[in-house]
Amino acid sequence: MLTYKRGVEKYDFFLSNGIKCHEEEKVYYVFKDKIKIGFISNDKVLNEWRFSKNIDSEFLCGGLTLKEAKESLNSCLSSEHWNAKEVQEYFNN
């Protein structure tokens, strides 16, 4: 069972001129059996919601709305998902 909790993901990055920047992004943390597995965030440029396991990973799935992103993630994590092996590898790397 997946549960969600609002939170803030914080990260640092460097601009091409070497200046260090700090960003904060409002997210929904995703927990599976009380273990945090990632977060869902809103990509304001593309106007869609995406699930990522951490700030450095590519997104796994998403949707146009938060509800669609949650449904997509639930589907991806099911053992019957057509791409279950690749989903498992996503979490193992």
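Predicted model, so just to flag it, every value in this text is computed and none were measured.

The rules behind the values
- Residues numbered from 1 in each chain as written.
- Predicted model: local features only at pLDDT ≥ 70, side-chain atom pairs only at ≥ 80, totals over all residues.
- Heavy atoms only, no water.
- Pairing = 2+ DSSP bridges.
- Helix = DSSP H or I, 4+ residues; strand = E, 2+ residues; numbered from the N terminus.
- Axes fitted to C-alpha atoms, helices over the stretch in contact; angles between N-to-C directions.
- Contact = heavy atoms within 4.5 Å.

With that out of the way, let us pick up the sheet that holds strand 4 (residues 48-52). Strand pairing in a sheet takes place through backbone hydrogen bonds and is either antiparallel or parallel in direction. Ordered in space as 1-2-3-4-5, the five strands form an open sheet in which the pairing is antiparallel. On the outer flanks of this sheet lie strand 1 (2-14) and strand 5 (61-63), each paired with one strand and no other. With direction set aside, neighbouring strand axes in the sheet form an average angle of 30 degrees. Sheet analysis places strand 3 (residues 35-43) next to strand 4, joined by five bridges and oriented antiparallel. Considered in strand 4, the bridge of Phe 39 is made with Ser 52. Where helix 1 (residues 66-76) meets the sheet, its contacts fall on strand 1, strand 2 (20-32), strand 3, strand 4 and strand 5, and the angle it forms with strand 5 comes to roughly 150 degrees.

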